[in-house]
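# An overview of the molecular structure
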Amino acid sequence: GLIAAFESVSPQRAEDLLRNQAKNRPINKNKIERMEDDASKNRFLPHLTGDTIKINENGKLCDGQGRCTAIIKTGRVFTCLIVYGVPVRVMPILDTGEKRSAGQNLHLDGYKNAATLAALAVRINKYVKGTPFTGGNSLTPEQTYDVLRANPGLETSVERSDYWGRRGLQEVFARSGLTALFYHLFAAKDPAKTEKFFEQWATGTGLTQGSPVLAL
C-alpha cells in the first residue's frame, strides 16, 4: 500500500531522488523559474499545498522532478510530503489534471474581466523585464497578484480597453491583454489623451483623411 510522510528535503536529497527517477517528461523551465521565484519570496510551500513527491513501488521518483530541481537551485531545505509505493501502472495518468488558470483564480477572488486581467499581468511582467511578448512564461497566482499590487490601475485599464473594444476594436485583439497594456501605458502619461485616442481608434470620431490612427 501507499505510505506518506512529511520529510525535510535538502538539495542533496533532491539530487539523489532525481538520479533515481523513472522515465519522465522533460522539465518545464518556466515552471522551475516560477518555483524559484516563489521560494525566494517564501511562497514555495509544498508542505501546505498538498502537492506530493511520489516514489513508485520500485523505489524510483515518478512525480516531483520539478520540485526537486527547484530545491537544488535554491540550495535550501524544504518540508515536502512524500508518498511511497505508487504503482508503476499509474504513471501515464499522473499529474494530468487541468490546473486552475490565473484568470480563474482572479475570478474566484471577485475580479471583473479576470481572463483579460491575467493576460495583462503577463504582458506587464514581460514589458518590465524587456522580454518578447510572444511565447509562454505564464505567472503563478502569487506572481500575478504581485503584478497587480505593483501596478495600480490595471483593472481600470482592462475595463476601459474592453469598453472601447466593444465599440469598434477587433474583439480578439481587444481581449488579448495587448490593448489593455497600451491603455495602461498611455494613461500613465495622460489619461485624457488616452481616452480620446481610444475613442478615435474604436469609432473613427473626429478623424480626418490621412490620420495615422486610421492606419491602425
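Everything that follows concerns the structure shown earlier in this document.
A brief report on the enclosed structure follows. (Residues numbered from 1 in each chain as written. Predicted model: local features only at pLDDT ≥ 70, side-chain atom pairs only at ≥ 80, totals over all residues. Heavy atoms only, no water.)

## A closer look at the overall build of the protein
When helices and strands are counted, the protein shows eleven helices and four strands. Sorting the 216 residues of the protein into buried and exposed places 38% on the buried side. Surface accessibility of the protein: about 12600 Å² in total, with carbon and sulfur atoms responsible for 53%. (Helix = DSSP H or I, 4+ residues; strand = E, 2+ residues; numbered from the N terminus. Buried < 20%, exposed > 50% of the residue type's maximum accessible area, 1.4 Å probe, protein only. Areas by Shrake-Rupley, 256 points an atom, 1.4 Å probe, with all protein chains shown as cover.)

## Some remarks on the packing of helix α6 (residues 114–129) against helix α10 (residues 178–189)
Two packed helices can be described by the angle between their axes and the distance between those axes. Packing of α6 against α10 leaves a shortest axis separation of 9 Å and a crossing angle of 60°. As the angle between them shows, α6 and α10 are arranged oblique. Regarding α6 and α10, the two cross each other, and that crossing is right-handed. On α10, the residues that touch Leu120, Arg123, Ile124 and Tyr127 of α6 are Leu178, Ala180, Leu181, His184 and Leu185. (Axes fitted to C-alpha atoms, helices over the stretch in contact; angles between N-to-C directions. Parallel < 35°, antiparallel > 145°, perpendicular 65-115°, else oblique. Left-handed = near helix turned anticlockwise from the far one by under 90°. Contact = heavy atoms within 4.5 Å.)

## So, the pairing of strand β2 (residues 52–56)
Successive residues of a regular strand alternate their side chains across the two faces of the sheet. Burial runs high along β2: five of the five residues are buried. Of the two faces of β2, the one lined by Thr52, Lys54 and Asn56 and the one lined by Ile53 and Ile55 are each fully buried. Pairing of β2 with strand β4 (residues 78–86) involves five bridges; the strand directions are parallel. Pairing of Thr52 across the sheet is with Leu81, part of β4. Inspection of the sheet shows β2 paired to strand β3 (residues 61–63) by two bridges, in the antiparallel sense. Along β3, the bridge assignment pairs Ile55 with Leu61. (Pairing = 2+ DSSP bridges.)

## Some details on the packing of α10 against helix α11 (residues 191–203)
Direction vectors running N to C along α10 and α11 enclose 145°, while the axes themselves pass 6 Å from each other. Here Thr179, Phe182, Tyr183, Phe186, Ala187 and Lys189 of α10 come into contact with α11, specifically with Pro191, Thr194, Glu195, Phe197, Phe198 and Trp201. Class assignment for the residues of the contact of α10 with α11 results in eight nonpolar, two polar and two charged. (Nonpolar A, V, L, I, M, F, W, Y, C, P; charged D, E, K, R; others polar.)

## Here's the deal with the nonpolar core
Formed by 17 residues in total, the largest nonpolar core has its most connected members in Leu106, Leu117, Leu120, Ile124, Val147, Leu148 and Leu154. Contributing elements (two or more residues each) for this core: α6, α7 (141–150), α8 (154–165) and α10. Counting residues per element, this core draws most heavily on α6, which supplies seven residues. Leu17, Phe44, Ile55 and Leu61 belong to the second-largest nonpolar core, a separate cluster that totals 15 residues. (Core = buried A, V, L, I, M, F, W, Y, C linked by side-chain atoms within 4.5 Å.)

## Topic: the sheet that holds β4
Read from one edge of the open sheet, four strands run β1-β4-β2-β3, paired in mixed fashion. Sheet topology places β1 (3–9) and β3 at the edges, where each strand pairs with a single neighbour. Looking at each pair of strands side by side, their axes are set apart by 35° on average, direction ignored. The sheet contacts of helix α4 (residues 65–74) involve β1, β2, β3 and β4, and relative to β3 the element is tilted by about 105°.

## Brief notes about the pattern of salt bridges
Considering all chains together, one arrives at six salt bridges under this definition. The partner of Asp63 in a salt bridge is Lys54, and the shortest N-O contact between them spans 2.9 Å. Judged by relative accessible area, Lys54 falls into the buried class, the value being 19%. Residue Glu195 is joined to Arg160 by a salt bridge in which the shortest nitrogen-to-oxygen separation is 2.8 Å. (Salt bridge = Lys/Arg side-chain N within 4 Å of Asp/Glu carboxyl O.)

## So, the packing of aromatic side chains
Within this structure, the stated rule accounts for eight aromatic pairs. Chaining the aromatic ring pairs together yields one cluster made of Phe182, Tyr183, Phe186, Phe197, Phe198 and Trp201. (Phe/Tyr/Trp six-rings, centres within 6.5 Å; stacked < 30°, edge-to-face > 60°.)

## As for α4
Given 3.6 residues per helical turn, the α-helix brings residues three or four places apart onto the same face. For α4, a buried count of seven out of ten residues is recorded, marking the element as mostly surrounded by other parts of the structure. Regarding α4, the residues found buried are Gln65, Gly66, Arg67, Cys68, Thr69, Ala70 and Ile71. Directly beyond the C-terminal end of α4, a positive phi value near 70° is found at Gly75.

## Some words on unusual backbone geometry
For Asn113, which is not a glycine, the phi torsion comes out positive at approximately 50°. With respect to the element layout, Asn113 can be found in the loop between α5 (102–108) and α6.

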